[in-house]
Number of protein chains: 4
Amino acid sequence: MKIGLIGFGKAGKAVANVILRSDQHSLEWVLRNSAANTSTAKDFLEVDSPDPAEIVSLAHQTVRQLLNERPVDAIIDFSGAEGIYQYGKEAAVRKITIISAISHYGEAEKKFLEELSLETAVFWSPNITLGVNYLLFAASLLKNIAPDVDIEISEEHFKAKAGVSGTAVKIAESLDVEADSINSVRAGGIVGRHEVIFGFPYQTVRLVHESISREAFGSGALFVAENLVNKPTGFYNFEDLLRPYFFSTSKEESS
Amino acid sequence: MKIGLIGFGKAGKAVANVILRSDQHSLEWVLRNSAANTSTAKDFLEVDSPDPAEIVSLAHQTVRQLLNERPVDAIIDFSGAEGIYQYGKEAAVRKITIISAISHYGEAEKKFLEELSLETAVFWSPNITLGVNYLLFAASLLKNIAPDVDIEISEEHFKAKAGVSGTAVKIAESLDVEADSINSVRAGGIVGRHEVIFGFPYQTVRLVHESISREAFGSGALFVAENLVNKPTGFYNFEDLLRPYFFSTSKEESS
Amino acid sequence: MKIGLIGFGKAGKAVANVILRSDQHSLEWVLRNSAANTSTAKDFLEVDSPDPAEIVSLAHQTVRQLLNERPVDAIIDFSGAEGIYQYGKEAAVRKITIISAISHYGEAEKKFLEELSLETAVFWSPNITLGVNYLLFAASLLKNIAPDVDIEISEEHFKAKAGVSGTAVKIAESLDVEADSINSVRAGGIVGRHEVIFGFPYQTVRLVHESISREAFGSGALFVAENLVNKPTGFYNFEDLLRPYFFSTSKEESS
Amino acid sequence: MKIGLIGFGKAGKAVANVILRSDQHSLEWVLRNSAANTSTAKDFLEVDSPDPAEIVSLAHQTVRQLLNERPVDAIIDFSGAEGIYQYGKEAAVRKITIISAISHYGEAEKKFLEELSLETAVFWSPNITLGVNYLLFAASLLKNIAPDVDIEISEEHFKAKAGVSGTAVKIAESLDVEADSINSVRAGGIVGRHEVIFGFPYQTVRLVHESISREAFGSGALFVAENLVNKPTGFYNFEDLLRPYFFSTSKEESS
């Protein structure tokens, strides 16, 4: 799959790194607002890859020109909330799959994504790691099986992380538990860890997710890209992509 | 629901304890091979309950007489592999739901259960805790999503437990990983713990189940009984009961 | 060692259970305020033991008479804050070692213990498990090595436990960290767990203690009794007993 | 403190990174066998620092000349087993503290270190992280307190790590437990984790160490350097440096 990447901050770089190392996908270009020191992402990241991976600056080129000259199958967006306005319309009319990993969209952006999804496949997830989304999915399932179970959430992150983890807040919301059921630990030597504790009479179940680097976003974005192939026009979230795996499990096991 | 219990060993006692404390179910009787010191399970366990909970010995009464005089909706079996022959036929013809938690059935017993399932709803699970069965289910789902993920299994039990945990072996089989991926810890101060470690590039997901007492079997057996109500004749396992919860999750979330 | 036990509540019973099962110590008697259904603790607990283990009621017998007729080497106190006044003076004049595991003494009781310690060896620990006291000791050591390390405390207990764990508060005090560094989880299926997280740049150290039953108090009390043998008159805490083990380590390793 | 670093492989680079970011110490130079692309370690690592941090190649300069022209207080060695022969004698005669973090010395090298320790302070630790050495120390202490405790060791590392972790083997040796008490997990998404499980009747204590990057070696090396200041000539290991902290703990707490 030919992929274009929007944004080249810490997360964007980590995602470029993962795409460059993938044999199945080609990083065609990286679009950023400001100019760069190197002409390609593979030079910048010191990765050996056949992908073009040219770093393109909006100052030098319009998005329309870019999409015409260097067509892609999917755009992965790790820029900021405003990014979608720069490329959204041009991508949608060309039926390019849009995969957005922006954490903090306002209502206007969400509405814009929905409009775009009338023309192409649009995916949005504020935390695009496979592990966290699986955890959200599996936790909802258990809550459904046992509605009265005690639920507590623990999250551990590096000392400087301010506020409660947004992912932990989302887990709490999706399980319908109070925000004060979230315990936050901040200390050196920790990257990021989320744990959901289900307490039953006489037994506990724990779901734990740990990341060791931002590259986990890259694996997640590629998983999304691969699972959106041949999907019809529409607006998708991570759960939409995970649900079909359940059915195939069932089939296999009943055979 | 009116329940009859077969077997009154360590697990049987713990299960009786849970049923007696449940407001929704009545423990009608406990059937055991040998005579008992007390006439009811509630006296033996010192539980205050309106349930009859009479301890019945096979020496004094035939199963046919018992089922006629003291009818039940479901039979929960924590006896031994041979137990099913004592009550199976009589229960099936009366359309009594059969819930068996026997760990080690031979082929003959499994075949017999299947025969019985032509006449009534028959359920069998060698580990009848909700937590372990959820873990098996959720782990299979993740393996399906990410077939190439690294999987390792850890199990920790009390010092005296001989051999590798049967539940860990079942987890390994259901995930199609080698038995040497199971790490066993034996030490004082531990009741029972199973952990499945999924290693992805840059992230891990861990599913952990811990029991603190055999009463966990009782909660599991009641969950099964409640979920088999109004189910048609047939042979069921734990996954059959968990699968429908997935669909209701989906519905809720899509609304 | 001949041991007398004061108090026969939940903790007292668990401690009696451990002493009765010990080959090296004899439970001479259990003193309680109210009368009991059985005449010995071994009947009550259904433990087979050569120890007398008679249950003695204060209603029937004075402490003076008891200590004269049934002398012991050590008294272990799991009663309440007032208990020490019933037996303290009589025990001290007879040079009987006093081991108190009372959680909540007032200033008056602490002062009384110190007075008694002028006449006999007196030990007091509000949490008498070996594991928690080792954890306190080892955590202080690490804090000393690395004064600037980030420290967070997690404690998990059964749903009904009210307030923050007293042991967690004590850990926080001894490490000089704020009370809001304690994260409390309350959920079914958990007995009791304390974790101290030390976060360094690039690495973490975690000390974790888990109990699975109150019997852990019994092992701790016997450890204390064995380590107080031949100790001179004085007032001891758990750290006093652990410190000498450090020196013997050092010697062994330098040889 | 003025520091010279021997070796600039993966670990050496991470250690240089930590020293460069430290305000209290100056990285004077890095000695390596082959030439480098950049003239200083701070350019190579893109760290802003006032330290000279010149990369020196043995091809261009003798160690004698280097030590004369650019004197240091301590040498930290992350090269290979042979490295010590290149600089050992010249450093010892100048009373420069030698801190070696080489994992695999032969008997000849150990003997050579001992000879050098007659002239200057020499330190050697095959795993120079503070956390692992604290864990070794604290675990020995607990084993001493409770010689009959059940001990099991778990280590988890990235998929490609071959064989059982050398640190885990050292932990097992120092606790006198069989090598088959070590459980090894290999999976993606894990950097490095060691856990010692102590199982008592009714309770467990767990000591857990996790690293998230090789920079942890740098913090350890600086801890060693700081604790060797003003130490007399002699041969030191990590335990020698940790032991004095114990005494200061005791003093504080008894006051």
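Computed from a predicted model, the values in this text were never measured in an experiment. (Residues numbered from 1 in each chain as written. Chains lettered and ligands numbered in written order. Predicted model: local features only at pLDDT ≥ 70, side-chain atom pairs only at ≥ 80, totals over all residues.)

Caption draft 1: Broad picture of the domain arrangement of chain A. All names here are of chain A. In terms of domain boundaries, chain A breaks down into domain 1 (2–124 + 215–239) and domain 2 (130–211). Its C-alpha centre places domain 1 at a distance of 29 Å from the equivalent point of domain 2. Counting residues at the interface gives seven residues for domain 1 and five residues for domain 2. Secondary structure elements with two or more residues in the side of domain 1 that touches domain 2: α8 (215–228) and α9 (238–254). Among the elements that take part in the side of domain 1 that touches domain 2, α8 stands out by supplying four residues, more than any other. The residue makeup of the side of domain 1 that touches domain 2, split by class, is three nonpolar, three polar and one charged. (Domains from an automatic or database assignment. Contact = placed C-beta atoms within 7 Å. Helix = DSSP H or I, 4+ residues; strand = E, 2+ residues; numbered from the N terminus. Nonpolar A, V, L, I, M, F, W, Y, C, P; charged D, E, K, R; others polar.)

Caption draft 2: A look at the sheet that holds strand β5 (residues 97–100) of chain B. All names here are of chain B. Strand order across the open sheet formed by seven strands is β3-β2-β1-β4-β5-β6-β11, with parallel pairing between neighbours. Bordering the open sheet on either side are β3 (54–57) and β11 (234–236), each of which pairs with just one other strand. Across this sheet, the average inter-strand angle for adjacent strands is 20°, counted without regard to direction. Pairing geometry for strand β1 (residues 2–6) and strand β4 (residues 74–77), over four bridges, is parallel. Each residue of the ladder has a partner; that of I3, found in β4, is A74. Along the sheet, helix α5 (residues 107–116) makes contact with β5, β6 (121–124) and β11, crossing β6 at roughly 150°. (Pairing = 2+ DSSP bridges. Axes fitted to C-alpha atoms, helices over the stretch in contact; angles between N-to-C directions.)

Caption draft 3: Just the relation of the copies chain B and chain A, in detail. For these two chains of identical sequence, chain B goes onto chain A by a turn of 180° and a shift of 0.0 Å along the axis, with RMSD 0.1 Å. Here the copies are linked by what is in effect a two-fold axis. Proximity to the rotation axis, assessed at the C-alpha, singles out B:L207 in chain B; its C-alpha lies 2.5 Å from the axis. A share of 100% of interface residues in chain B that are also interface residues in chain A marks the association as one of identical surfaces. (Least-squares fit on C-alpha atoms with pLDDT ≥ 70 in both.)

Caption draft 4: How the structure looks around the pairing of strand β1 (residues 2–6) of chain A. Residues and elements named next belong to chain A. The buried fraction of β1 is high, at four of five residues. The sheet contact formed by β1 and strand β2 (residues 26–32) spans five bridges and is parallel. By the bridge assignment, K2 is partnered in β2 with S26. (Buried ≥ 20, exposed ≤ 12 C-beta atoms within 10 Å, placed from the backbone.)

Caption draft 5: Spotlight on the interface of chain B and chain D. With 16 residues of chain B at the interface, the matching set in chain D holds 16 residues. Taken together, the elements giving at least two residues each to the side of chain B that touches chain D come down to β7 (150–157), β8 (182–186), β9 (192–200) and β10 (203–211) of chain B. Counting residues per element, the side of chain B that touches chain D draws most heavily on β9(B), which supplies three residues.

Caption draft 6: Main features of the relation of the copies chain B and chain D. Note on the copies: chain B fits chain D at an RMSD of 0.1 Å, the axial shift is 0.0 Å, and the rotation between them is 180°. The share of interface residues of chain B whose copies in chain D are also at the interface is 100%, consistent with both copies meeting through the same surface.

Caption draft 7: A look at the interface of chain B and chain A. Contacts between chain B and chain A engage 38 residues on the former and 38 residues on the latter. Going through the elements one at a time, α6 (130–145), β10, α8 (215–228) and α9 (238–254) of chain B are the ones with two or more residues in the side of chain B that touches chain A. For the side of chain B that touches chain A, the leading source of residues is α6(B), giving ten residues. Tallied by class, the residues present in the side of chain B that touches chain A amount to 19 nonpolar, 13 polar and six charged. Inspection of the sheet shows strand β10 (residues 203–211) of chain A paired to β10(B) by nine bridges, in the antiparallel sense. Considered in β10(B), the bridge of A:Q203 is made with B:S211.

Caption draft 8: Quick look at the pairing of strand β5 (residues 97–100) of chain D. All names here are of chain D. With burial as the criterion, each face of β5 is covered, one bearing T97 and I99 and the other bearing I98 and S100. As judged from the four bridges shared by strand β4 (residues 74–77) and β5, these two strands associate in the parallel manner. Within β5, the position partnered with A74 by the bridge is T97. Pairing analysis gives three bridges linking β5 to strand β6 (residues 121–124), with the strands arranged parallel. Of the residues in β6, the one forming a bridge with I98 is V122. At this point the chain moves from β5, through helix α5 (residues 107–116), to the parallel β6, and the crossover so formed is right-handed. (Right-handed = clockwise from strand over helix to strand, strands pointing away.)

Caption draft 9: Geometry of the environment of C:L20. Residues and elements named next belong to chain C. Turning to its location among the elements, L20 is positioned in helix α1 (residues 10–21). Residue L20 is classed as buried on the basis of its 21 C-beta neighbours within 10 Å. In this structure, the C-alpha to C-alpha distance between L20 and I6, residues 14 residues apart in sequence, is 15 Å.

Caption draft 10: Highlighting the sheet that holds strand β2 (residues 26–32) of chain D. Residue and element names in this part refer to chain D. Strand order in this open sheet of seven strands is β3-β2-β1-β4-β5-β6-β11, and the pairing throughout is parallel. Bordering the open sheet on either side are β3 (54–57) and β11 (234–236), each of which pairs with just one other strand. Each strand of the sheet is rotated relative to its neighbour by a mean of 20°, with strand direction disregarded. Contacting β1 (2–6), β4, β5, β6 and β11, helix α8 (residues 215–228) crosses the sheet at an angle of about 150° to β5.

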